[in-house]
Every structure is written in C-alpha cells, then in structure tokens.
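The primary structure of each chain is shown beneath.
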Amino acid sequence: MAKTGTDIAYSMQLLAGSALVAIPTETVYGLAGNALDARAVAQIFKVKERPTFDPLIVHTSGLDRIPDFVESIPEKAYALAAAFWPGPLTMVFRKKAIIPDLVTSGMDSVAVRIPRHPLSLQLLQSLDFPLAAPSANPFGYVSPTCARHVDEQLGEKIPYILDGGSCTVGIESTIVGFDGDKVSVLRLGGCKIEDMEKVVGKVQIKAHTSSNPVVPGMLHSHYSPLTPVTIGNIPQLIREHQGKKLGILSFDQLYDDIPLAQQFVLSKKGDLDEAATSLFTGLRQLDMLNLQLIIGTYVKEKGLGRAINDRLRRAEAKRN
Ligand code: AMP
Ligand code: MG
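Residues numbered from 1 in each chain as written. Chains lettered and ligands numbered in written order. Predicted model: local features only at pLDDT ≥ 70, side-chain atom pairs only at ≥ 80, totals over all residues. Heavy atoms only, no water.

A short note on helix H8 (residues 272–287)
Note the following rule: Starting at the N terminus, helices and strands are each numbered in turn, a helix being any DSSP run of H or I of at least four residues and a strand any DSSP run of E of at least two. One less than the number of residues in a helix, times 1.5 Å, gives the span that helix is expected to have. Each residue is assigned a bend, namely the angle between axes fitted to the seven residues that terminate at it and the seven residues that start at it. Burial here depends on accessible area, computed with a 1.4 Å probe over protein chains only, as a share of the maximum for the residue type. Under 20% is buried, over 50% is exposed, and the range in between is partly exposed. Residues are treated as being in contact if the distance between any of their heavy atoms lies within 4.5 Å.
When the terminal C-alpha atoms of H8 are compared, their 22 Å separation across 16 residues agrees well with the 22 Å that a helix rising 1.5 Å per residue should span. The largest bend along H8 reaches roughly 45° and is located at serine 278. Those residues of H8 lying buried are Leu272, Ala275, Ala276, Ser278, Leu279, Phe280, Gly282, Leu283, Arg284, Leu286 and Asp287. Those residues of H8 hidden inside the fold are in contact with helix H5 (147–154), strand S13 (246–250), strand S14 (263–265), strand S15 (293–296) and helix H9 (305–317).

Looking at the side chain of histidine 59
Going by this rule: We define a polar contact as two N or O atoms separated by no more than 3.5 Å, with the added condition that, inside protein, one atom must be a possible hydrogen donor and the other a possible acceptor, whereas residues neighbouring each other in sequence contribute only through side-chain atom pairs.
Relative to the elements of secondary structure, histidine 59 occurs in strand S4 (residues 57–59). Within the structure, the side chain of histidine 59 is placed 3.3 Å from the backbone oxygen of isoleucine 57, a separation counted as a polar contact.

What about unusual backbone geometry?
Among all residues save glycine, negative phi is the norm, and among peptide bonds the norm is trans. Of note, the bond from tryptophan 85 into proline 86 is cis; its omega dihedral lies within 30 degrees of zero at -5°. Residue serine 18 is not a glycine yet carries a positive backbone phi of 70°. Checked against the element boundaries, serine 18 lands in the loop between helix H1 (8–16) and strand S2 (21–23). Located in the positive-phi region is glutamate 49, a residue other than glycine, with phi close to 55°. Its place among the elements puts glutamate 49 in the loop between helix H2 (38–48) and S4.

Quick word on the environment of lysine 198
Along the chain, lysine 198 falls in helix H6 (residues 193–200). By relative accessible area, which is 68% here, lysine 198 ends up exposed. Taking the C-alpha atoms as reference points, lysine 198 and proline 144, separated by 54 residues in sequence, lie 30 Å from one another.

Here's the deal with the sheet that holds S14
The condition that has to hold: Two strands pair under a simple rule: DSSP has to find at least two bridges between them. To define axes, lines are fitted to C-alpha atoms, for helices over the stretch in contact only, and angles between the resulting N-to-C directions are given on a 0 to 180 degree scale.
The 4 strands are arranged S12-S15-S13-S14 in an open sheet whose pairing can be described as parallel. Strands with a single pairing partner mark the edges of an open sheet, and in this sheet they are strand S12 (229–231) and S14. Along the sheet, successive strands turn relative to each other by an average axial angle of 15°, direction set aside.

Here's the deal with the side chain of serine 184
With respect to the helices and strands, the residue serine 184 is situated in strand S10 (residues 182–187). The residues contacting serine 184, other than those within four sequence positions of it, are Ile175, Val176, Gly177, Gln204 and Lys206.

What follows is the structure in structure tokens.
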C-alpha cells in the first residue's frame, strides 16, 4: 500500500527529488512527476509500463506560467482557456526545448492542461516546475477515479497518493490542437464539444482515428477491463450469451434474470454527466467479479455521451 493523505509539503518534497506522486484531478487521478526532469519522466513510463511513443500531458497552475515551456499560444486557445481553465480541457502547443523529448515522444508539440482540483492546484502553485501526469493506472487499463483505485494497482510502486476524494468529472480531458485558426478535437473527453463551439465556433473532430499520426497515443484498444466487453442492445446480448456469467453495465435501468450484484447502473436518472463520473468505477467493479463477459450499451452521442461512447468502444476493442 502506498502512503495516502493530503500532505502538500510532503508531495512537493518527493516531486522535487524526482519521485512520483499520484494526484487528484477532476478528470481522473494522475501519476505526476517533474515535467522538466527526464529522470522523473522516465520513471512515469516505467511505473505505468507505458510505451514511450505515447506522450504525456503537462499540468500547470496558471496561464501565466505556460510561456516558460511553450513557444506561443494561439488566439483561440486564449478564448478556450478563459472559458474552461481550470478544467477538463487539454491544449496542444509548440514546445520549448526545456520540455524533455521523452514527455512529448519526440514531437515538437506539448499537451498542456490546468486541472480543476483545489489540492492539485495548490500543489502546482507551490512548485516551480510543471508536472507531467498520465492517468495513474497500468497502461491500457481503466483509469482511476479515486485514491483506492490508484492504490489497488500502483500502490506498491509509488511512495505517495495525494487523496482528493472522488473525481467530479470522471473521464479524461478533451484534447484539442490548433492549425492556424482551426481547432481540432484530438480526443473526446470531459469538456463538451457543444460548449467549446459556443466559444470558438465549429471545431473539427479528429478523434477515434486510431491511425491518426498526430496523436500517437490514441490506441484503438484502451481503457479496457481484463474481462471481455461487448457493447450493443443489452436484452438481445443477454439472450445471445445465455448460460455465461454476465455483468451488465447499463445506462439507467436494471434487467431481469441477471443477479443485482452483477449489474452496474451508470445513472439511475439517466444523466450523461453522472454516467461519465461512474463509468470507470462501474467497469472496475464488474471486472472484479470473475465474469465471462461484460455487456454494455452506447449512450446518446451528445455532451459527455460522446466521450463515454468513445471509452466504451475502446474497452470493447481489447477483445479483437
Ligand atoms: P493521458 O493518457 O490521459 O495522459 O493522455 C495523454 C494523451 O494525450 C496521449 O495519449 C496523446 O493522445 C495526447 N497527447 C499528448 N501529447 C500530445 C501532443 N503533443 N500532441 C497530440 N496529442 C498529445
Ligand atoms: Mg491513460
């Protein structure tokens, strides 16, 4: 078990010494290390068993600090920052040499975010370097949305978990890139497309293209439990897989003939934001039951529903 608590001074001391600390954010828990220290960054890849072609997001506490490690910030990025930072939006900018190549998988751009969590913001404000932080889970598995999730999988490998409670958004950040005046969405996530379009006009969605070379980390299969997952019409899938020990990840209702303990409802009131918050907890809980198959359903393709569907698609892809 890793030491767990709310000690900012201790976290600072560890991070300054190139060690890693798991930190809370509103999206998911991050595995944080000094983003300017290649040794700390190498440790992140090692602990997560993450391939080094999958670049990391750099976290900082304020817009005023970004010019320290980024060449320039486009006009529309300022507008998005004003509307959504601190928050579940990551923006990709041209990097300065101070960011080690390992952070960006050798690319000349860096992904940056200001997270919306009081503990982590306080930590970032107190540090004189930004933090590189991917999700605090083994590569490819479901992301952690509370300190216990982190401890269950990485507890033996890291010295400290800064415990900030359960993540309020519960799904990774939306990632956007800029090409002149154009804004492209590289990964669907916690910041809604509809909300962004109110600020910068139409955005182009380039997500889901796992072969997209602009986003090396966008693997088709990701966020996957160990149990096979299939997504579709739940009653029909229950019939098709009769006789198997099934788990149900449903949007808003329970199903007859399946034991209650094997069902997880994302949002009883059918709310997409609430469903996003509980998605990874649901996948983890079902994954611990020794089931033969987890059956789920896609939700409405709007708001956070887009990001939920994206994660479900990738959880399912593991089997193929
Ligand atoms: P996470 O695994 O949530 O930490 O998110 C990291 C993801 O951010 C990577 O898998 C990439 O898809 C994306 N990313 C990070 N850096 C860049 C970059 N410079 N350009 C484009 N996408 C990036
Ligand atoms: Mg991750």
